[in-house]
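# Structure at a glance
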Protein chains: 2
Amino acid sequence: MSTRRTLHLNTNISGLGRHPAAWRKADNPRAITDLAHFTEIAQTAERGRLDAVFLSDMVALRGHAAGTWQSLEPTVLLTALAGVTQSVGLIGTASTTFNDPYNLARRFASLDHVSAGRIAWNAVTTYDADAAANFSMPAPLDKETRYARAAEFIEVVEKLWDSWEDGALVADRTSGLYADPARVHEIAYEGQFFRVRGPLNVPRSPQGRPVLVQAGGSPTGVALAARHADAVFTSQTTLKSAQAFYREIKAVAAGHGRNPDHLLILPGLYPVIGGTLAEAHQRKAELDALLDRSVELAKFAGTLGLKPTDLELDAPLPYALIDTGTRTDVSHGFIRSTVLLAQGENLTVRDLLDRNPGAHRMIVGTPQTIADDIESWFLQHAADGFNLNADTFPSGLADFVDHVVPILQRKGIFRRDYDGTTLREHYGLPRPPSRYEAEAASLTTSA
Amino acid sequence: MSTRRTLHLNTNISGLGRHPAAWRKADNPRAITDLAHFTEIAQTAERGRLDAVFLSDMVALRGHAAGTWQSLEPTVLLTALAGVTQSVGLIGTASTTFNDPYNLARRFASLDHVSAGRIAWNAVTTYDADAAANFSMPAPLDKETRYARAAEFIEVVEKLWDSWEDGALVADRTSGLYADPARVHEIAYEGQFFRVRGPLNVPRSPQGRPVLVQAGGSPTGVALAARHADAVFTSQTTLKSAQAFYREIKAVAAGHGRNPDHLLILPGLYPVIGGTLAEAHQRKAELDALLDRSVELAKFAGTLGLKPTDLELDAPLPYALIDTGTRTDVSHGFIRSTVLLAQGENLTVRDLLDRNPGAHRMIVGTPQTIADDIESWFLQHAADGFNLNADTFPSGLADFVDHVVPILQRKGIFRRDYDGTTLREHYGLPRPPSRYEAEAASLTTSA
């Protein structure tokens, strides 16, 4: 029985906006290291009753001559934002390829405590030669190794989060017992990549476990997400492909004995908002006019795994040169989505550049047309909600909050106020028990 | 020419107080995960115009049945505290044994931005079997490997912090140049442990580089600290040994061409404060009465690398069994300091337990005797200041701030207000230029 009634909305707050020229319209173009900037954005998201703000990430510097990137480390920035907000969720990206599970489990558990239960970890794998070069790796890990490591990594992190049962921190002044050793568990993990004894040195956090988000576009990613994730960030650009993905991953989750309502499907959405359609197109045209076409072409080629000379502006993509099978990295589904979109609508390279590729599905529209589109995808089970990408900050998000959100509220498909305090509550997800507690209870029952 | 006029004071705020039974006197004994608790402590330190609050750390859980430990991950907790304070410095411990230099450099650079220049990294190496077992290591690294890795780690981190010159973030709206590639440098580090290309993805932070703290008790540690550190945390318990250490490490630093005033020597100090000497001893006795002697004995034995049965309460330490040469870990100097103290004052195991071993030099006294002691060590060049350990929070720190600090201010050896905004300014340390900028300038000069 589905309890699906209202949709969920996050907003990506990385950099200074999703449009590559956003910084050239910004009040403070250097704001990538400015907490005051991110404070304003997070408070705007909270004013709009959004589920969460989200930080994407990359652990290498590239393209910095032409534009902004997520600079401040996500757990640091989200901790700072927890202090200037009360309710909005906080989703941070961290790679299973370049982190250590004990340190990562501890940071997110700590942040769940400090934020009173508002944190999620977006677990990604990283296929990127520039990043590998910053982590003493001669080359990126191959896909199989990367996903095998990710699966182990996530299992270790979840077990560490579970290593403290609720109530294990007794703190009994009279007896002098601080923590009850019977309710604090070694995880004794022995895998191919990790051997971790535990327990974590952080007591169980407000959400039990921080929310786990994954970007599950590839078959391997789908398998991993369907088993572990609470929410999946996707990049479908057509209703039909989104519905197919939605059906598939919910079915796989159900096959694992999970309640499909407890796995939220949240495609990316890139709205460009104007009071009229003409104003919206004008807004986009003004931003596009600030782009250097050759820089954008080179970036686009790089994301597709191609050289700039492989692309011709007024020709279709060189499909034969594009490898959609093995490049399944942070932007895992992007290549497949781009190819699908280009083939489906018979687009040229110029057409694709016009949509700011890499920016998810773009809608240039009025608050009403954008709200109608969101409603349509939600009601037709193509999405449980969306991961928004504002073209520029703060105006792109403020316009959404002030003009699109009220329409969604009037349609009855978005909250008028938070009715819980944790991100799990915003997402309608149960607070999980520790697996070790469940085992202990089950042993008691069967005895 | 020394500019040394006033002393520097940090306070360790880990756990709920330095006394092992502190939690049994706490208003909220579960406060190890409570941001409100740490907020009160940090604001108290700031009210006392202390240079910084400090978080020690360990990445394993041990002794949790009997007492508290630093639970929340230091960079997360310090980020949260940056948001509720304006001036006080923030010092976080992180191990070079169990972290990665790119991630760590980025977190501390991010925190330096978010705190507007108040962050320091206390770089430690970790010799601990429980910690190793959480990081896929069959055994702790041997000393030589640990220090060799630490030296490389610190070099990589400093080069990453330097990889952005000041002003490299141009953000020129007109030309469209965001960051100037000529002022953003790959570090191209190739060592035995790390190969890191860089640059960091965070522009140069307010302090240029976060302050670097080390705990340099062993000969290897001294060598590392004298070359790299801005401040050294030490654990001498006698004036004479502190003076000898002070002279030695300043001389080694000078030998490296450094200004010895730019390397602060900050021994640990554990004051137990009473309005009268009798009240101070009563305060300590009430806390000691809550301890289980056998638990404390076992902890003490473990810290010395011994079995509990190796120790007899009313006998001297079994010096022949104690290895002072190779156990140079996080509590590197502790064993040597303990042996020196016990031999110098002819103490029994019971005498040593009475001083809460592991807690640095203890003074049970009145505000006046404690302030006099601090002044004496400072004026006799045994210390540039101290790293305080309050017996219990909040009262142990509040008593120091309200009763000891005013005496130090009247003596003219401690600030009455902050006269800078960054931790470097509190410590009287210059803001370093990027080494790559210096190279470029020097090339220009010699051309």
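Residues numbered from 1 in each chain as written. Chains lettered and ligands numbered in written order. Predicted model: local features only at pLDDT ≥ 70, side-chain atom pairs only at ≥ 80, totals over all residues. Heavy atoms only, no water.

Time to look at the overall build of chain A. A tally of helices and strands in chain A yields 15 helices and 13 strands. Against the compact-globule benchmark of 22 Å for 447 residues, chain A has a radius of gyration of 22 Å, which places it among compact chains. Principal-axis analysis of the C-alpha atoms places the extent of chain A at approximately 75 × 50 × 45 Å. Put simply, chain A has 447 residues, and 61% of those count as buried. For chain A, restricting intrachain contacts to residue pairs at least 6 apart in sequence, the fraction spanning at least 24 positions comes to 77%. In the structure as shown, chain A presents an accessible area of about 16200 Å², 52% of it carried by carbon and sulfur atoms. Separation of charge centres in chain A, based on 44 positive and 51 negative side chains, amounts to 1 Å. (Helix = DSSP H or I, 4+ residues; strand = E, 2+ residues; numbered from the N terminus. Rg over C-alpha atoms; globule rule 2.2 N^0.38 Å. Buried < 20%, exposed > 50% of the residue type's maximum accessible area, 1.4 Å probe, protein only. Contact = heavy atoms within 4.5 Å. Areas by Shrake-Rupley, 256 points an atom, 1.4 Å probe, with all protein chains shown as cover. Lys, Arg positive; Asp, Glu negative; His and termini not counted. Charge placed at Lys NZ, Arg CZ, Asp CG, Glu CD.)

A pair of packed helices is characterised by two quantities: the angle between their axes and the separation of those axes. Residues and elements named next belong to chain B. Two elements in contact, helix H1 (residues 35-47) and helix H2 (residues 74-82), have axes separated by 10 Å at closest approach and are oriented at 60°. Crossing angle aside, the handedness with which H1 passes H2 is right-handed. Packed against H1, whose contacting residues are Leu 35, Phe 38, Thr 39 and Ala 42, the element H2 presents Leu 77, Ala 80 and Leu 81 at the interface. Looking at the contact of H1 with H2, its residues break down into 6 nonpolar, 1 polar and no charged. (Axes fitted to C-alpha atoms, helices over the stretch in contact; angles between N-to-C directions. Left-handed = near helix turned anticlockwise from the far one by under 90°. Nonpolar A, V, L, I, M, F, W, Y, C, P; charged D, E, K, R; others polar.)

Counting residues at the interface gives 75 residues for chain B, matched by 75 residues for chain A. Carbon and sulfur atoms make up 55% of the surface buried where chain B meets chain A, a total of about 5900 Å² over both sides. Looking only at chain B, the three residues that lose the most surface to chain A are B:Arg106, B:Arg173 and B:Tyr178, adding up to 13% of its buried area. Our enumeration of links across chain B and chain A arrives at 4 salt bridges. (Buried area = accessible area lost by both parts, 1.4 Å probe. Salt bridge = Lys/Arg side-chain N within 4 Å of Asp/Glu carboxyl O.)

On to the relation of the copies chain B and chain A. Of the transformation placing chain B onto chain A, the axial shift is 0.0 Å and the rotation is 180°, giving an RMSD of 0.1 Å. The superposition of one copy onto the other is thereby described by a two-fold rotation axis. (Least-squares fit on C-alpha atoms with pLDDT ≥ 70 in both.)

Okay, the packing of aromatic side chains next. Scanning all chains against the criterion turns up 24 aromatic pairs over all chains. Geometrically, the ring pair formed by A:Phe193 and A:Phe194 is tilted, given 6.5 Å between the ring centres and 45° between the ring planes. Owing to a relative accessible area of 22%, A:Phe193 belongs among the partly exposed residues under this scheme. An angle of 90° between the planes, with centres 6.4 Å apart, marks the rings of B:Trp121 and B:Trp161 as edge-to-face. (Phe/Tyr/Trp six-rings, centres within 6.5 Å; stacked < 30°, edge-to-face > 60°.)

Right, let's get into unusual backbone geometry. Here the residue pair A:Phe393 and A:Pro394 is connected by a cis peptide bond, since its omega of 0° sits within 30 degrees of zero. Relative to the helices and strands, A:Pro394 is located in the loop between strand E13 (385-389) and helix H13 (395-410). Going from B:Gly198 to B:Pro199, the amide bond is cis rather than trans, its omega being -5°. On the secondary structure map, B:Pro199 appears in the loop between strand E8 (195-196) and strand E9 (211-214). Phi is positive for A:Ala116, which is not a glycine, with a value near 55°. As for its position among the elements, A:Ala116 is in the loop between helix H3 (101-114) and strand E4 (119-124). Assessed through its relative accessible area of 48%, A:Ala116 is described here as partly exposed. A positive phi angle is found at B:Ser136, which is not glycine, with a value near 60°. Classification of B:Ser136 as buried rests on a relative accessible area of 19%.

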